[in-house]
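# Secondary and tertiary structure notes
Listed below are the residues making up each chain.
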Amino acid sequence: MPTDPQHARRGPRLLARVLAPLLAALALVLTPAALVPGAGAAEAASVCQGRPTRTISFATGELRLYRTRHYVCAVTVAKRPGALRPMAVSLQPRGGRPAVRAGRFDRQAGPVTVHALNRCVRASGSVAGQGASVGWILC
């Protein structure tokens, strides 16, 4: 059987034509949301895993609590995102050490997550010196 040089080169070209679009689509799917323009708005809504459990509002923002069966997650969100300002979020399971995230942020502090299967938690959050805290909840 004679081998044609053009026919032998067609296989790699065909493979490249098929693989190039598949690799491009895979790269788009695996690209982090931070690199995609306009994805920041969806990020704030889905930072924590689980279902929203409590939202505690205060003058400069709100403390949001989420819960799964085993974990509780908290995030503090500013009412008016913008300039960097001191923000903090704290979450402590009963009998455990608090998980704290504090610093200067523009939009949110956190998330912080603690293991809280069958345990109460207490949470606090603040934005620019004003904040809220809750006692033992989610028991």
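See the structure shown above.
What counts and what doesn't
- Residues numbered from 1 in each chain as written.
- Predicted model: local features only at pLDDT ≥ 70, side-chain atom pairs only at ≥ 80, totals over all residues.
- Heavy atoms only, no water.
- Pairing = 2+ DSSP bridges.
- Helix = DSSP H or I, 4+ residues; strand = E, 2+ residues; numbered from the N terminus.
- Axes fitted to C-alpha atoms, helices over the stretch in contact; angles between N-to-C directions.
- Buried < 20%, exposed > 50% of the residue type's maximum accessible area, 1.4 Å probe, protein only.

### As for the sheet that holds strand E7 (residues 121–127)
- With antiparallel pairing, the four strands of this open sheet are ordered in space as E5-E4-E7-E8. Of all strands in the sheet, those with a lone pairing partner are strand E5 (99–105) and strand E8 (130–137), marking the two edges. Taking each pair of neighbouring strands and ignoring which way they run, the sheet shows an average axis angle of 5°.
- In this structure, E7 lies alongside E8, joined through six bridges in antiparallel fashion. Following the sheet pairing, Val127 is matched in E8 by Gln130.

### Some remarks on the pairing of strand E4 (residues 85–93)
- The buried fraction of E4 amounts to seven of the nine residues, a majority that puts the element mostly inside the structure.
- Two strands pair when backbone bridges link them, and E4 and E5 are joined in this way by seven bridges, in the antiparallel orientation. Bridging across to E5, Ser90 finds its partner in Val100.
- Note: E4 against E7, seven bridges, orientation antiparallel. Pairing of Leu91 across the sheet is with Ala123, part of E7.

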